[in-house]
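Chains, contacts and geometry: an overview
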Amino acid sequence: MEEGRMSIGTLSEDVLNKLSQMLDNSACGWRQLANAVSEQPKFRCSERELTSCSLQVLSAAGSPGRALLAWLADRSCSLDFLLHCLRKMDHKEAVQYLTTTVAELIQITVQPQSQQATVGSRVVLTCRASGPPGLCYQWFRGKEEIIDATGSTPELVLCPLAPIHQGHYICRVNHGENCIFSQWAQVCVVHSAGCSSSLFPGSLSGLLITHQPQSQAASEGDTLLLESNAEANPPAQYEWYHNMVPMKEHKTRSLKITCVTTAHRGQYRCKVFNLYHEAWTDAATVTIGPSSITEASWVEVDRGLDSQEVHRSTCGPGVNPLQQMVNPPPSDKNFHATDKVALLIGNMNYRYHTQLCAPIADVHELTNLLRQMDFKVVSLLDLNWQEMHSAVTEFLLLLDKGVYGLLYFAGHGYENYGNSFMVPIDAPFSYTSEHCLCVQNILTRMQEKKTGLNVFLLDMCRKRNPHDDIIVQPGLIKVTANIVFGYATCVDAEAYEVKREDVSNGIFISFLKRRVCEDEKVTVMLDRVAEDMGRCAITRGRQALELRSNLSERRSLTDAIQTSDHCSESYSARNLQWAVAHVLPQSLCLQFDCGVKVQLGFAAEFSNVMVIYTRILEKPKEIVSCCAQLTDFPEDVDIDLKKSNQETLLEAGSLLLIKENLPSPEVPSLYTRIRSLQRLKTELTFTACLHYTYSNMDEEVQERQTVTVGKPLVSKLNLHEPRVPRACSGSSSFSLDSFSVAEGSSFASVGSTSSAWSYYAQTARESSSTDSPTTPRTANIPEETDSPELLDAPKSLVASKSLPHSQVNDTNYKFSDMYNFHSC
């Protein structure tokens, strides 16, 4: 049997549900399958898609394994390749079950085709299938079974052809109780050999759809184009439907919507009809992601000095560049990294300066893209001076010989005397270098680690700071020929961001995200980003990427990780060190005295932002209503009380973990978003307050339980604590060189025996039941810690959305439409 030609989509719902049950585990489950199928690029899951799969546990009937299988089916993954991957991950139970199932499947290999012929001629309709021995065929004309000699064979012969033979034919292939039907084929009888070649010649009526609309993924501001076509006599008419609601203004074969919004997402079908016939096209699913640079209000942000703003909104069409990307030819010489580590910092909520909007989306976008390239990513929002210093120190601990190190910063900044400075959120009104971090000092510390590649992506203003007359003397920068600086704008120029109510990118990331995953030398990739920005009228002459580099080798961010025997120990230690900062609390079940059972689940939005949800698992019949709310959080962390215990993630303030990516949960949940975990000084302790009402009582009853979940995510690193300083150097006593790693640092060096490291290492190992820290692609995923055993049987899921990679089209942009910020 040629199972290699069969898609996962041919499996029955029962088979898919059984397979998903086998894959819903952490030891040998859906994550390992996602990693195995990635050997073929078209089946490589993005971080957003993997996160969406994992978040299916938020639904009482959700299944990550079922979501992954549905995703693979949408991409026409063959059963043969699925079996190959299951064997690769040594999932013997699933291999045996699927092999047995495939052996019993019936697959149509040759479909009957519509034909037209003259009276008296010979017409043969052919249907062939593969499957178990002893397949039986049966032909039908409409609902009438054909019982002549060829009606039960793969080839139905109509000879001599007569007017009575005209109609629609279908073949049923069965083996025991299993059966499958072929597609319909129409036989048209014409009365002369010289008639038109049209499918429906002369006075013969009919209708056949010849072109189906295709599912698409687009971004806000893009142009949506769906097409359908049909052969018909009389000529066909068209009527489009969106989510089964007629679109009265669209009555042609092509549906075109310019400047789409999220309101246009959903399913589209076209009704094709004429005087005698009616047919419907297949449903085309359209997903619309958050907008990129091609739409919305522009903000010219001096992510540095004096601010003022003006408002305007623009829209422009765009094209999803993922549909245009091609694989470049392989390099003549391949380079590799011993590991890849990235620190991403996005500062938005400044205390004394202009608030920024884009860094949350920029850091999230770049995090997902870098993780696809096997980077260990630490993503942090809104850090003060001490936290930025500590974060950089911990980042340096993850570097070693041959490691690729990448630092990205989005926020306010400036440049004086050739040195770039990143501004923390607590910088005073008239800040100087003493209140900021010098990027060049970080570079010298990275070079001490003998890294293989040092990349700095600085998405900030580079105007001169008139309040700062200090000339900072960074440490001696070595000639290592492996340094790349990608500045979002030129010297003494401003940076831009798109201002919207929801998630939106800054200008730099809007262009960078289209190119960053290309298998090209880093400088070549950034050159192309600069060219893309130069073609956009709104930025031309006002913001241009500047590239500074001494990179002499063709090193790319996509280079593979290869560890030799002598560095495998440090590689494993880095995996564990990284995992320490990304351990989430285990899902908890709270049993209250009234008989109600409440589940607490946890998901990471960033390395220092966590979402907690509560849902009711069980309640006695006499309780008519109940909900579990969280309260009494420590003052260290940042929680918007008005947005806590909300019914949707959006209402809870999470713009990135959009609940639309999830099936509607049968059991309602309440969501609370916790920010600034880096400031947590003790274990995270809060109160779960159960509010419930009995059927025979009007008054509400409350029960409370105190919950302690340890120190989640990056809070274990104690970034709020100063690191032990070395002797001060240079003209600035606040340079990075004045800090070294404390002996009791959370990320101890390899071989350290500190009690703190032992505790964190043990914690990370315990958490590996969800993700093994030695697998970078899966370990880097923000993960919920739900309990699969509490869930019901899985059900069919739809594909999820992700933040888009939209191509820039500057047709409708004018400089007069921009905002202008000048911070102080």
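None of these values were measured; they are calculated from a predicted model.

1. Focus: the nonpolar core
- Judged by nonpolar contacts, the single largest core of 47 residues is most densely connected at Leu343, Leu380, Phe409, Met422, Phe456 and Phe485.
- Of the residues forming this core, the biggest block, six residues, is contributed by helix H8 (residues 385-397).
- In this structure, Phe409 is in contact with Ile345, Asn347, Tyr350, Met388, Met422, Val423, Leu457, Leu458, Asp459 and Met460, ignoring residues within four places of it in sequence.

2. Considerations on the environment of Leu650
- Looking at where Leu650 falls in the secondary structure, it is placed in the loop between strand S38 (623-631) and strand S39 (669-674).
- Classification of Leu650 by relative accessible area gives exposed; the value is 54%.
- Considering only alpha carbons, one finds Leu650 and Tyr671, 21 residues apart in sequence, at a separation of 9.2 Å.

3. Here we look at the packing of helix H2 (residues 30-37) against helix H5 (residues 79-88)
- With their axes 9 Å apart at the nearest point, H2 and H5 run at an angle of 115 degrees to one another. Taken as a pair, H2 and H5 cross one another with a handedness that is right-handed. When H2 is examined against H5, the residues Leu33, Ala36 and Val37 are found in contact with a partner set consisting of Phe81, Leu82, Cys85, Leu86 and Lys88.
- Split into classes, the residues belonging to the contact of H2 with H5 amount to seven nonpolar, no polar and one charged.

4. Details of unusual backbone geometry
- Cis geometry marks the peptide bond from Cys159 to Pro160; its omega dihedral reads -5 degrees.
- Mapped onto the secondary structure, Pro160 falls in the loop between strand S7 (155-158) and strand S8 (167-175).
- Positive phi, close to 55 degrees, is recorded for Asn645, a residue that is not glycine.
- Within the fold, Asn645 resides in the loop between S38 and S39.
- Residue Asn645 is classed as buried on the basis of its relative accessible area of 15%.
- The backbone phi angle of Ser676 is positive, close to 55 degrees, even though this residue is not glycine.
- By the secondary structure assignment, Ser676 is in the loop between S39 and strand S40 (685-694).
- Taking the relative accessible area as the measure of exposure, Ser676 reaches 7% and is therefore buried.

5. Some details on the sheet that holds strand S29 (residues 437-438)
- Pairing in this open sheet of three strands is antiparallel, and the strands run S27-S28-S29 from one edge to the other. Looking along the sheet, the strands with just one partner apiece sit at the ends: strand S27 (413-416) and S29.
- For S27 and strand S28 (residues 419-422), the ladder comprises four bridges, and the chain directions are antiparallel. Looking at the pairing, Tyr414 lines up with Phe421 of S28.

6. Remarks on the sheet that holds strand S31 (residues 483-487)
- Strands sit in the order S25-S24-S26-S30-S31-S33 across an open sheet of six strands; the sheet is mixed. If you trace the sheet from one side to the other, it starts and ends with strand S25 (376-381) and strand S33 (546-549), each paired once. Across the sheet, the mean angle separating the axes of adjacent strands is 10 degrees when strand polarity is ignored.
- Strand direction decides the pairing type here: strand S30 (residues 453-459) and S31, joined by five bridges, are parallel. Note that in S31 the partner of Val455 across the bridge is Val484.

7. Concerning the pattern of salt bridges
- Applying the stated criterion across every chain, the model contains 27 salt bridges.
- When the shortest N-O distance is used, the salt bridge between Glu387 and Arg679 registers 2.7 Å. A residue pair is termed long-range when its members are at least 10 positions apart, and Glu387 in helix H8 and Arg679 in the loop between S39 and S40 qualify at 292 residues.
- The class of Glu387 is buried, set by a relative accessible area of 1%.
- With relative accessibility at 18%, the residue Arg679 sits in the buried group.

8. Here we look at the packing of aromatic side chains
- The final tally for this structure, using the stated rule, is nine aromatic pairs.
- With a centroid separation of 6.3 Å and 45 degrees between ring planes, the pair formed by Tyr613 and Tyr671 is classed as tilted. With Tyr613 in strand S37 (residues 609-618) and Tyr671 in strand S39, this pair connects stretches of sequence that are 58 residues apart.
- For Tyr613, a relative accessible area of 2% translates into the label buried.
- The buried category is assigned to Tyr671, whose relative accessible area is 1%.
- Counting every residue linked through ring pairs, the aromatic cluster contains Tyr414, Phe421 and Tyr431.

9. Focus: the confidence of the model for the protein chain
- Of the residues in the protein chain, 77% reach a pLDDT of 70 or more, and the chain-wide mean stands at 77.
- A low-confidence stretch, residues 306-332 stays under pLDDT 50, and its non-local contacts, those more than four residues away or across chains, total 72 contacts.
- Confidence drops under pLDDT 50 across residues 658-664; counting only partners more than four residues distant or on other chains, this segment forms 24 contacts.

10. Examining the side chain of Gln386
- Along the polypeptide, Gln386 turns up in helix H8.
- Beyond its immediate sequence surroundings of up to four residues, Gln386 is in contact with Leu719, His720, Glu721, Pro722 and Arg723.

11. A few points about helix H7 (residues 359-372)
- With 14 residues, H7 should reach 20 Å at 1.5 Å per residue; the first-to-last C-alpha distance of 20 Å fits that figure.
- Judged by how many residues are buried, H7 sits mostly within the fold: 13 of 14 residues are covered.
- Backbone geometry just downstream of H7 places Asp374 in the positive-phi region, at approximately 70 degrees.

Rules and cut-offs
- Residues numbered from 1 in each chain as written.
- Predicted model: local features only at pLDDT ≥ 70, side-chain atom pairs only at ≥ 80, totals over all residues.
- Heavy atoms only, no water.
- Core = buried A, V, L, I, M, F, W, Y, C linked by side-chain atoms within 4.5 Å.
- Buried < 20%, exposed > 50% of the residue type's maximum accessible area, 1.4 Å probe, protein only.
- Helix = DSSP H or I, 4+ residues; strand = E, 2+ residues; numbered from the N terminus.
- Contact = heavy atoms within 4.5 Å.
- Axes fitted to C-alpha atoms, helices over the stretch in contact; angles between N-to-C directions.
- Left-handed = near helix turned anticlockwise from the far one by under 90°.
- Nonpolar A, V, L, I, M, F, W, Y, C, P; charged D, E, K, R; others polar.
- Pairing = 2+ DSSP bridges.
- Salt bridge = Lys/Arg side-chain N within 4 Å of Asp/Glu carboxyl O.
- Phe/Tyr/Trp six-rings, centres within 6.5 Å; stacked < 30°, edge-to-face > 60°.
- pLDDT = per-residue confidence, 0-100.
- Expected span 1.5 Å × (residues − 1).

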